[in-house]
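# Structural features, examined
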Number of protein chains: 4
Amino acid sequence: MTAKIAILGASGYTGAELIRLISTHGGMEIAALGANSKAGLAMADVFPFLRHLDLPQLVTIDEIDWTGIDLCFCALPHKTSQEVISALPKTLKIVDLSADFRLRDPEAYAKWYGNAHGAVEMQGQAVYGLTEFYRDQIAAARLVAGTGCNAATGQFALRPLIEAGVIDLDHIILDLKCAVSGAGRSLKENLLHAELSEGTNAYAVGGTHRHLGEFDQEFSALAGRPVHIQFTPHLIPANRGILATAYVHGDPAAVHQALQQAYATETFIEVLPFGATPSTHDVRGSNFCHLGVTGDRIDGRAIVVAALDNLTKGSSGQALQNANLMLGLPETQGLMMAPLFP
Amino acid sequence: MTAKIAILGASGYTGAELIRLISTHGGMEIAALGANSKAGLAMADVFPFLRHLDLPQLVTIDEIDWTGIDLCFCALPHKTSQEVISALPKTLKIVDLSADFRLRDPEAYAKWYGNAHGAVEMQGQAVYGLTEFYRDQIAAARLVAGTGCNAATGQFALRPLIEAGVIDLDHIILDLKCAVSGAGRSLKENLLHAELSEGTNAYAVGGTHRHLGEFDQEFSALAGRPVHIQFTPHLIPANRGILATAYVHGDPAAVHQALQQAYATETFIEVLPFGATPSTHDVRGSNFCHLGVTGDRIDGRAIVVAALDNLTKGSSGQALQNANLMLGLPETQGLMMAPLFP
Amino acid sequence: MTAKIAILGASGYTGAELIRLISTHGGMEIAALGANSKAGLAMADVFPFLRHLDLPQLVTIDEIDWTGIDLCFCALPHKTSQEVISALPKTLKIVDLSADFRLRDPEAYAKWYGNAHGAVEMQGQAVYGLTEFYRDQIAAARLVAGTGCNAATGQFALRPLIEAGVIDLDHIILDLKCAVSGAGRSLKENLLHAELSEGTNAYAVGGTHRHLGEFDQEFSALAGRPVHIQFTPHLIPANRGILATAYVHGDPAAVHQALQQAYATETFIEVLPFGATPSTHDVRGSNFCHLGVTGDRIDGRAIVVAALDNLTKGSSGQALQNANLMLGLPETQGLMMAPLFP
Amino acid sequence: MTAKIAILGASGYTGAELIRLISTHGGMEIAALGANSKAGLAMADVFPFLRHLDLPQLVTIDEIDWTGIDLCFCALPHKTSQEVISALPKTLKIVDLSADFRLRDPEAYAKWYGNAHGAVEMQGQAVYGLTEFYRDQIAAARLVAGTGCNAATGQFALRPLIEAGVIDLDHIILDLKCAVSGAGRSLKENLLHAELSEGTNAYAVGGTHRHLGEFDQEFSALAGRPVHIQFTPHLIPANRGILATAYVHGDPAAVHQALQQAYATETFIEVLPFGATPSTHDVRGSNFCHLGVTGDRIDGRAIVVAALDNLTKGSSGQALQNANLMLGLPETQGLMMAPLFP
């Protein structure tokens with residue numbers, strides 16, 4: 001069986017990454033590509049790296065005939081996504097890559113995104129798309145909300161520690177280093193090569209980054225009490241990759257053990273030997289996440305470092321992993337490619 | 001059927017790239033990994049990006065049991081390669097990625113490499129590994145010599161033009177821009193990030209680069225007369241990719257047509273519409289080669305630009321493509337992954 | 001004496017580079033900074049790297065009081081420049097960094113820029129700003145037209161060869177590798193870090209780049225007959241630097257000698273020993289231009305490689321060098337900083 | 001008056017950076033350049049970017065005639081430095097850029113560097129070279145020990161906070177992002193462009209980095225009690241720049257005020273407005289350090305971000321600033337160049 005797929009927002013990086021992955025998946029056929037602003041163009045003109053593929057032309061979302069389409073990936077901007085999704089056929093399975101359905105609570109959504117949610121009833125039904133922790137619900141869901149890429153990285157490092165009760169919930173600091181493709185194909189001065197390469201800076205400092213909404217929701221639910229971490233992202237001069245350095249209070253050996261146990265049977269999560277630290281170089285272009293634990297010279301403190309590719313495991317790879325589950329396909333299908341190094 | 005494979009020189013970039021490609025090939029099993037200087041190590045320690053794979057430990061070449069092995073990729077340094085290969089079992093199929101068997105003429109070899117060849121009789125038997133042009137001979141060969149990555153790029157641009165007789169053989173200039181992985185994992189000051197990034201320079205200027213031996217051999221054979229091109233490579237601050245800009249005297253439309261005809265049925269060679277120019281960004285990590293033709297404002301002159309990934313189509317991808325042919329497998333097996341962008 | 005200076009277009013890269021250079025010049029005071037789109041902002045907000053300086057606020061051009069200002073650098077976009085400059089006080093000395101006054105012939109201007117010139121009488125009076133070749137005229141000029149950065153690089157390599165009659169005028173090929181800051185602070189997808197880094201491509205292939213207008217004008221005037229070179233620029237993933245590789249027909253020793261003689265007394269032009277090749281790494285952030293000559297293996301052909309920093313020697317450094325001459329200051333004042341390496 | 005200067009270790013990055021700075025200093029003359037491994041070479045061959053300068057040839061240290069030399073910069077590797085310095089003429093002023101004299105306590109030195117100090121009596125006399133905090137002692141010193149570049153960055157962010165008593169001394173976390181030139185011109189696989197670019201990783205995780213010896217010494221002395229911070233450096237794909245993100249417990253406004261007061265009259269330390277965050281892009285190639293303070297969403301926690309250029313303010317610029325003081329020259333002489341952007 002080959003599932004018929006549509007991708008909305010195909011002219012952005014996560015849309016293009018989905019096409020890259022699906023092109024060697026073997027069980028999916030791309031039936032429609034939506035991209036309002038570039039409708040009418042051939043994909044080879046928008047992304048020449050895909051020119052070897054036989055792909056449908058870009059069309060407006062209205063032009064898509066949904067008959068026979070099994071699943072839709074929605075890689076549209078935040079806010080547009082909820083409007084579009086609420087108008088899609090009710091029988092269609094949907095994996096949303098935007099932020100619109102990540103937060104279950106309308107008030108939390110309004111607080112972090114600055115506007116009332118436009119599809120509150122769907123918001124409640126959406127399943128949070130962190131595959132390794134919501135696998136069964138995702139398999140049964142109609143609408144899955146892909147996580148933030150930073151949010152995914154931080155959760156892979158911290159969820160098992162909170163669940164196992166091995167760290168102090170009031171002293172969690174997450175310092176992230178993010179590659180630029182996470183910002184999407186946006187035309188901003190600070191994303192120009194001339195201004196981004198050769199240096200680094202922090203942004204959204206002090207607890208203002210929207211992915212904190214996801215951390216708060218997920219960590220508090222896990223702990224059964226409010227958990228508020230500190231989280232500061234930094235932009236680094238690379239295209240793919242997130243490195244999350246988590247500073248926690250807890251026994252380093254217990255921290256390492258909690259991660260090993262949590263991910264013992266997971267295909268995509270690699271817990272390194274104690275004391276080893278991961279690198280984004282080693283996960284580039286792949287669906288793998290590497291985790292390392294080190295003890296600090298100060299007793300009772302541990303450092304957990306997580307590395308993944310924001311466009312793959314942090315976004316489009318995760319989306320495909322979820323789609324596999326929703327379509328009854330093997331979860332890892334199309335996702336076993338090795339990282340690209342160097 | 002699964003072919004059993006050995007890789008010699010597994011601790012270098014082309015060796016690692018072979019493992020990356022074979023890991024999702026589906027018809028090959030890696031039975032042995034040789035790497036004398038790092039023998040005894042696990043591959044995950046040498047290249048952590050491969051740690052998700054279940055690979056044999058690195059061993060010395062002497063330790064390898066060749067029983068049952070169908071094909072050996074030899075990714076050793078130049079000169080070492082000929083010594084090792086001449087001592088391998090005579091029944092083993094071999095794809096050599098070094099320069100040792102590219103030149104058929106012992107004198108040409110001695111001239112470009114500065115020493116007498118150590119396995120002259122094998123040198124004569126080796127088939128030149130530019131798949132698209134030596135397909136049948138490769139399928140029947142015991143020993144295939146992978147081409148130089150620059151040599152491959154230039155030939156994809158120029159061979160059909162020489163064959164079709166549409167350019168002046170005395171005025172061919174090839175200006176190459178090469179990413180750094182072509183230099184291998186060598187510890188040299190000019191390959192350090194601090195000295196290579198953020199700038200560019202020419203090297204081997206004036207006709208001294210060894211890949212000229214391949215151009216001379218191949219172009220002269222094609223033309224039936226000596227052909228000597230001008231060729232200057234430049235090092236650019238990128239890890240993968242070669243962009244070759246060829247300046248030729250000839251009718252641009254005829255040049256474009258010659259390329260289109262030559263590659264009409266080729267899976268991996270994409271000839272862009274007339275006037276479009278390729279980018280190394282669009283072939284990164286893939287086995288594709290993009291070719292573009294533009295006419296100059298000066299009548300009767302054309303510019304051909306070729307782009308490929310030096311580690312994939314220029315080296316390990318080419319090697320796998322050849323191995324597929326030698327083993328009776330579909331030529332494109334394991335090589336259809338899309339480029340990585342951005 | 002301290003000269004009072006105004007800079008129009010201070011929110012772009014060449015404007016900011018002028019401020020960088022003037023900040024340690026010692027003989028200039030910045031009296032006004034014009035930048036219509038960002039008028040009202042402090043320079044520290046537009047370019048935080050200049051925050052240690054005590055600079056005037058950005059204003060609209062109309063707001064500038066020209067009383068007492070000795071010289072104006074005009075770093076505005078093409079076409080805007082001619083409109084603004086024709087309305088400036090007639091007593092003001094002007095160094096224009098745009099393309100508007102580079103071509104002396106209105107028809108040539110219209111051909112390359114696609115519109116009739118709006119200040120034809122000033123066009124005829126402007127002196128072409130390639131300091132080393134127009135020194136006396138620049139010192140006496142009211143309006144100096146800064147050259148194109150690619151045009152400067154190519155001319156440093158080729159003018160002495162044409163003048164000395166040591167090369168064939170019908171076989172000149174110039175292959176340029178340009179860093180991205182030459183494109184200015186423009187918001188375009190192909191200038192984003194995610195799309196520009198890690199690769200390279202040709203652009204304006206086939207003789208369509210506007211700097212060809214300058215090459216045609218200057219080389220034809222030098223030769224006393226029409227000279228049309230082939231010129232193809234390539235974008236490389238670096239912020240500063242142009243490397244020009246010129247392929248010429250001529251005796252390599254004569255070519256080298258012609259360059260050595262032409263630049264024997266020049267402070268900023270370094271001719272390397274025969275056979276050495278320059279690198280953009282070695283001129284970054286400086287006003288120096290390095291030139292190297294190598295003979296090809298084909299008799300009678302030489303390769304000249306030129307390297308300079310497009311923002312400094314190719315643009316703002318050149319502008320300051322010219323302003324020094326126009327103001328009767330030592331030509332090298334404020335320009336002797338060493339390159340930044342690594 | 002022109003001071004006569006020698007530089008030992010002139011073939012490394014900090015040595016070359018000293019020459020870059022001194023070339024436009026105006027009050028120093030380079031009389032001797034020592035570099036044992038490259039003795040006999042011209043500086044233009046070792047670092048072509050300095051070829052416009054008239055510099056003495058590289059010699060072995062033994063060959064240097066110390067007569068008339070006022071001050072020696074010692075940019076040699078750790079451990080070599082103490083041997084060489086203890087044998088230099090006793091009248092010579094010395095600025096050491098190695099780690100050898102940073103730690104005053106022989107036991108602390110032995111603990112962090114793994115060997116007994118070879119010049120214990122000089123170790124006690126050396127003045128710690130963090131100019132803004134040891135100005136008077138430096139002016140009077142014979143031997144000044146340049147600080148670690150990471151150690152300088154962290155101290156600029158934290159010293160005033162410890163001195164003012166506005167932060168909790170038991171909860172200081174310093175997460176650094178370091179460019180690669182800090183590792184020097186070392187030939188290691190992980191410093192190759194192919195392995196370092198396009199990604200990031202932590203190193204010396206868990207309190208093992210040697211610069212912790214400096215933090216411990218300085219912060220404990222300031223506080224009058226032992227202070228042990230957590231410190232994790234990360235390698236980012238850039239050549240120059242350190243960004244330090246400090247997570248502290250304390251009132252953000254008080255933290256900002258403490259920094260503003262401490263640096264109110266300092267030329268090179270810029271405290272940004274509250275809530276603004278610095279970027280390494282904005283200090284590149286300069287002697288400036290930018291500091292920013294933001295409050296976290298969690299009450300009572302602040303984030304301080306510091307940015308400087310490791311080779312300039314973090315090393316050779318600091319050394320020159322100290323040398324100016326030791327020679328009775330204006331402290332800022334030769335150090336007022338603006339950063340290089342973009």
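Residues numbered from 1 in each chain as written. Chains lettered and ligands numbered in written order. Predicted model: local features only at pLDDT ≥ 70, side-chain atom pairs only at ≥ 80, totals over all residues. Heavy atoms only, no water.

Moving on to the overall build of chain A. Scanning chain A from N- to C-terminus turns up 11 helices and 14 strands. In terms of its C-alpha atoms, chain A occupies a principal-axis envelope of roughly 60 × 45 × 40 Å. Across the 342 residues that make up chain A, the buried fraction comes to 67%. A fraction of 70% describes how many contacts in chain A between residues 6 or more apart in sequence connect residues 24 or more apart. Of the roughly 10,300 Å² of accessible surface on chain A, a fraction of 49% belongs to carbon and sulfur atoms. Distance between charge centroids for chain A: 2 Å, based on 23 positive and 34 negative side chains. (Helix = DSSP H or I, 4+ residues; strand = E, 2+ residues; numbered from the N terminus. Buried < 20%, exposed > 50% of the residue type's maximum accessible area, 1.4 Å probe, protein only. Contact = heavy atoms within 4.5 Å. Areas by Shrake-Rupley, 256 points an atom, 1.4 Å probe, with all protein chains shown as cover. Lys, Arg positive; Asp, Glu negative; His and termini not counted. Charge placed at Lys NZ, Arg CZ, Asp CG, Glu CD.)

The subject of this paragraph is the relation of the copies chain A and chain B. When chain A is brought onto chain B, the operation consists of a screw motion whose angular component is 180° and whose axial shift is 0.0 Å, with 0.0 Å RMSD remaining. Taken together, these values place the two copies in the relation of a two-fold axis. The residues that chain A uses at the interface reappear at the interface of chain B in 100% of cases, marking a shared surface. (Least-squares fit on C-alpha atoms with pLDDT ≥ 70 in both.)

This next bit is on the sheet that holds strand β1 (residues 3-8) of chain D. All names here are of chain D. Spatially, β3-β2-β1-β4-β5-β7-β6 is the arrangement adopted by the 7 strands of the open sheet, whose pairing is parallel. Here the strands that pair on one side only, and so sit at the sheet edges, are β3 (58-59) and β6 (127-128). The sheet contact formed by β1 and strand β2 (residues 28-34) spans 6 bridges and is parallel. Residue I5 lies in a different strand from β2, and its bridge partner there is I30. (Pairing = 2+ DSSP bridges.)

On the chain B side, the residues contacting the 32 residues of chain A number 32 residues. Summed over both sides, the interface between chain A and chain B buries roughly 2,800 Å², with carbon and sulfur atoms accounting for 65% of that surface. Where chain A meets chain B, there are 2 salt bridges. Joining chain A to chain B, the criterion identifies 8 residue pairs in polar contact (both at pLDDT 80 or more). Put simply, the parts of the chain that give the side of chain A that touches chain B at least two residues each are α1 (13-22) and β12 (269-271) of chain A. Among the elements that take part in the side of chain A that touches chain B, α1(A) stands out by supplying 3 residues, more than any other. (Buried area = accessible area lost by both parts, 1.4 Å probe. Salt bridge = Lys/Arg side-chain N within 4 Å of Asp/Glu carboxyl O. Polar contact = N/O pair within 3.5 Å; in protein donor to acceptor, adjacent residues only side chain to side chain.)

Residues and elements named next belong to chain A. Considered domain by domain, chain A is made up of domain 1 (3-125) and domain 2 (150-309). Contacts between the two partners involve 14 residues from domain 1, matched on the other side by 16 residues from domain 2. Counting every contact that joins domain 1 to domain 2 gives 3 salt bridges. Notably, a salt bridge pairs E17 with R240, separated by 2.6 Å at the nearest N-O pair. On inspection of domain 1 and its partner domain 2, the count reaches 8 residue pairs in polar contact (both at pLDDT 80 or more). When contributions to the side of domain 1 that touches domain 2 are tallied by element, the ones reaching two or more residues are α1 and α4 (106-113). Looking at which element gives the most residues to the side of domain 1 that touches domain 2, the answer is α1, with 3 residues. (Domains from an automatic or database assignment.)

Residues and elements named next belong to chain A. Mapped onto the present numbering, the UniProt feature "active site" (unreviewed entry) falls on C149. Positionally, C149 belongs in helix α7 (residues 149-164). When near neighbours in sequence (up to four residues on either side) are disregarded, C149 contacts H211, I242, N310 and G314. (UniProt positions renumbered as here; feature names shortened; annotations may be inferred.)

Looking now at empty space enclosed by the protein. If a probe the size of a water molecule is rolled over the atoms, the empty space left behind becomes visible. Counted under the stated rule, the structure contains 8 cavities of 30 Å³ or more. Considering the residues around the largest cavity, the lining is formed by 20 residues, among which H193(A), H193(B), P237(B), P237(C) and H193(D) are closest to the centre. Its residues assigned to classes, the lining of the largest cavity comprises 7 nonpolar, 9 polar and 4 charged. (1 Å grid on protein atoms, 1.4 Å probe; cavity = no way out; pocket = protein on both sides within 12 Å on 5 of 7 lines; lining within 4 Å. Points joined across faces, edges and corners; volume = space filled by probe spheres on them. Nonpolar A, V, L, I, M, F, W, Y, C, P; charged D, E, K, R; others polar.)

This part is about the sheet that holds strand β13 (residues 289-295) of chain A. All names here are of chain A. Here 7 strands make up an open sheet; going across it, the order is β9-β10-β8-β11-β14-β13-β12 and the pairing mixed. Two strands close off the open sheet at either side, each with one partner strand: β9 (201-202) and β12. Taken together, the 6 bridges between strand β8 (residues 173-178) and strand β11 (residues 242-249) define a ladder with antiparallel strand orientation. Residue pairing across strands places L174 opposite A246, the latter belonging to β11.

This next bit is on the interface of chain D and chain A. Listed as interface residues are 50 residues of chain D and, on the opposing side, 50 residues of chain A. Of the roughly 4,200 Å² buried at the junction of chain D and chain A (both faces included), carbon and sulfur atoms supply 54%. Across the contact surface, chain D and chain A share 6 salt bridges. Connecting chain D to chain A are 35 residue pairs in polar contact (both at pLDDT 80 or more). For the side of chain D that touches chain A, the secondary structure elements donating two or more residues are β8 (173-178), α8 (193-196), β9 (201-202), α9 (211-223), β10 (230-235), β11 (242-249), β13 (289-295) and β14 (301-308) of chain D. Looking at side-chain class alone, the side of chain D that touches chain A contains 20 nonpolar, 19 polar and 11 charged residues.

Turning next to the relation of the copies chain D and chain A. Placing chain D over chain A gives an RMSD of 0.0 Å and needs a rotation angle of 180°, together with 0.0 Å of translation along the axis. A shared interface surface links the copies, since 100% of the contact residues of chain D are contact residues in chain A too.

All names here are of chain A. Looking only at helix α10 (residues 252-262), the buried set comprises P252, V255, H256, A258 and L259. Around the axis of α10, the buried residues are gathered within 160° of arc, so they sit on the same side. Next to the buried residues of α10 lie α7, β12, β13 and β14 (301-308). (Arc of directions from axis to C-beta.)

So, on to the pattern of salt bridges. Applying the stated criterion across every chain, the model contains 76 salt bridges over all chains. The salt bridge involving R51(B) is made with E270(A); its shortest N-O contact spans 3.2 Å. Of this pair, R51(B) sits in the loop between α2 (43-46) and β3 (58-59) while E270(A) sits in strand β12, placing the two residues on different chains. On the accessibility criterion, E270(A) (14% relative accessible area) is buried. Taking the shortest distance from any N to any O, the salt bridge between D175(B) and K177(C) comes out at 3.0 Å. Remark: K177(C) occurs in strand β8 (residues 173-178) and D175(B) occurs in strand β8 (residues 173-178); the pair is interchain, linking two chains. Each member of the pair D175(B) and K177(C) is classed as buried.

Time to look at the packing of aromatic side chains. In the structure shown here, the tally under the stated rule is 37 aromatic pairs over all chains. Each ring, one from F47(D) and one from F49(D), has its centre 5.8 Å from the other, and the planes form 75°; the classification is edge-to-face. Each member of the pair F47(D) and F49(D) is classed as buried. One aromatic cluster is present, formed by F47(A), F49(A) and F341(B) through successive ring pairs. Cation over ring: R159(B) sits above F133(B), and NZ or CZ is 4.6 Å from the ring centre. (Phe/Tyr/Trp six-rings, centres within 6.5 Å; stacked < 30°, edge-to-face > 60°. Lys NZ or Arg CZ within 6 Å of the ring centre and 35° of its normal.)

The omega angle of the peptide bond from F341(B) to P342(B) is -5°, so this bond is cis rather than trans. Mapping P342(B) onto the fold places it in the segment after α11 (312-326). Of note, the phi angle at E198(C) is positive, near 70°, even though the residue is not glycine. The exposure class assigned to E198(C) is buried, which follows from its relative accessible area of 7%. Despite not being glycine, A204(D) has its phi angle at roughly 45°, a positive value.

Let's shift gears to the UniProt feature "domain: Semialdehyde dehydrogenase NAD-binding" (unreviewed entry) in chain A. In the numbering used here, UniProt assigns the feature "domain: Semialdehyde dehydrogenase NAD-binding" (unreviewed entry) to residues 4-141 of chain A. Helix makes up 33% of residues 4-141 of chain A and strand makes up 17%, while its end C-alpha atoms are separated by 18 Å.

All right, on to the packing of helix α1 (residues 13-22) of chain D against helix α11 (residues 312-326) of chain D then. Residues and elements named next belong to chain D. Their axes nearest at 9 Å, the elements α1 and α11 cross at an angle of 55°. With respect to their mutual orientation, α1 and α11 come out oblique. α11 is crossed by α1, and the crossing has right-handed handedness. When α1 is examined against α11, the residues T14, E17, L18, R20, L21 and I22 are found in contact with a partner set consisting of T312, S315, S316, G317, A319 and L320. Looking at the contact of α1 with α11 residue by residue, the classes come out as 5 nonpolar, 5 polar and 2 charged. (Axes fitted to C-alpha atoms, helices over the stretch in contact; angles between N-to-C directions. Parallel < 35°, antiparallel > 145°, perpendicular 65-115°, else oblique. Left-handed = near helix turned anticlockwise from the far one by under 90°.)

Packed helix pairs are characterised by how far apart their axes lie and by the angle those axes make with each other. All names here are of chain B. Running from N to C, helix α7 (residues 149-164) and helix α10 (residues 252-262) cross one another at 105°; their axes reach a closest spacing of 9 Å. As the angle between them shows, α7 and α10 are arranged roughly perpendicular. Contact with α7, carried on its side by F156, A157, P160, L161 and A164, involves V255, A258, L259 and A262 of α10 and no other residues of that element. Grouping the amino acids of the contact of α7 with α10 by side-chain chemistry returns 9 nonpolar, no polar and no charged.

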